[in-house]
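Listed here are the chains, written in short residue letters.
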Amino acid sequence: MKLADALQVERRYSELSALVSRPVVRHLGLVDYAPTYAAMRRFTDERGAATPDEFWVLEHRPVYTVGIAGRAEHFPRASAILIERADRGGQITYHGPGQAIVYTLVDLARRSLTVRAMVALIEQAVIDTLAAHEVRAARRSGAPGVYVDGAKIAALGLRVRRGCCYHGVALNVNMDLAPFSTIDPCGYPDLEVTQTSALGISARAGEIGRALAERIAELIEK
């Protein structure tokens, strides 16, 4: 192979590598949970070694979701809101309009990321996103998620299959928090929850979701 041809192949390989490493961000708007969950599973099952990672930024219509270890004692006693089972970790949580959700469909093996590292990365992205609005947030040992003054503002859960993760993080922005009061959020009785609108942040869910996805993308590229 001539040098010029070798350089052309190497340049093309570098371009393809850069393309694969750059996540695709999709803004889906307000969507139902069940078909979105099915689409995440389908994407993970069908993706190949060169499939770019994707972040789905969206809001859900009102729904409770329960992880694989979810226990009924944490559920609402009576509610008109649908309860959906999912294959993520964690207990029960609530999703509704005004909550910024970023689903992270990432090939962890390709990026040499462990599940723990991915969880820490997502938490850091939330902390950084809030810090940009001068809100100080933190992790809590043994309780995944992000908290402000002891109140939970972001919940997260992942599922890993074939070396790839899906599900992601839900950040409370300007939503009706009342449905949290009928459950034990994430399995913790009497856990206080909060949202960005209560902390002086005027940005809407779509805007904050976009910023959060961009920050996660920056962190997984490091």
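Check the entry above for the structure.
Residues numbered from 1 in each chain as written. Predicted model: local features only at pLDDT ≥ 70, side-chain atom pairs only at ≥ 80, totals over all residues. Heavy atoms only, no water.

K.L.:
What is the right way to look at the overall build of the chain in this model?
P.N.:
When helices and strands are counted, the chain shows four helices and nine strands. Ordered by position in the sequence, the α and β elements of the chain form the string α-β-α-β-β-β-β-β-α-β-β-β-α. A compact globule built from 222 residues would reach a C-alpha radius of gyration of about 17 Å, and the chain, at 19 Å, matches this within 12%. If one aligns the C-alpha atoms of the chain with their principal axes, the spans along those axes are about 70 × 35 × 30 Å. (Helix = DSSP H or I, 4+ residues; strand = E, 2+ residues; numbered from the N terminus. Rg over C-alpha atoms; globule rule 2.2 N^0.38 Å.)

K.L.:
Would you take a moment to explain the nonpolar core for this structure?
P.N.:
Nonpolar side chains in soluble globular proteins generally cluster together in the buried interior. Core analysis: the biggest nonpolar cluster contains 36 residues, and Val169, Leu171 and Ile216 have the highest contact counts within it. Of all elements in the fold, only β2 (54-60), β6 (99-107), α3 (115-131), β7 (146-148), β8 (151-161), β9 (164-172) and α4 (205-220) reach the threshold of two or more residues within this core. Sequence-distant contacts of Ile216, that is, excluding residues within four places in its chain, are made with Phe55, Val102, Thr104, Leu121, Ala125 and Val169. Tyr33, Phe43, Tyr166 and Ala170 belong to the second largest nonpolar core, which has 15 residues in total. (Core = buried A, V, L, I, M, F, W, Y, C linked by side-chain atoms within 4.5 Å. Buried < 20%, exposed > 50% of the residue type's maximum accessible area, 1.4 Å probe, protein only. Contact = heavy atoms within 4.5 Å.)

K.L.:
I'm lost on the sheet that holds strand β3 (residues 63-66) in this one. Help?
P.N.:
Pairing between the strands of a sheet comes from backbone hydrogen bonds, and it takes one of two forms, parallel or antiparallel. Ordered by their spatial adjacency, three strands build an open sheet running β4-β3-β5, and the pairing between neighbours is mixed. Pairing within the sheet leaves two strands with one partner each, and these edge strands are β4 (83-85) and β5 (92-95). Put simply, the sheet's adjacent strands are angled 30° from each other on average, direction ignored. Pairing analysis gives three bridges linking β3 to β4, with the strands arranged parallel. (Pairing = 2+ DSSP bridges. Axes fitted to C-alpha atoms, helices over the stretch in contact; angles between N-to-C directions.)

K.L.:
Sorry if this is basic, but what is going on with the environment of Gly96 here?
P.N.:
Mapped onto the elements of the fold, Gly96 is located in the loop between β5 and β6. Take Gly96: its relative accessible area is 0%, and that puts it in the buried class. Spatially, the C-alpha atoms of Gly96 and Arg61 are 5.0 Å apart, while their sequence positions differ by 35 residues. If sequence neighbours within four positions are ignored, Gly96 has contacts with His60, Arg61, Pro62 and Met175.

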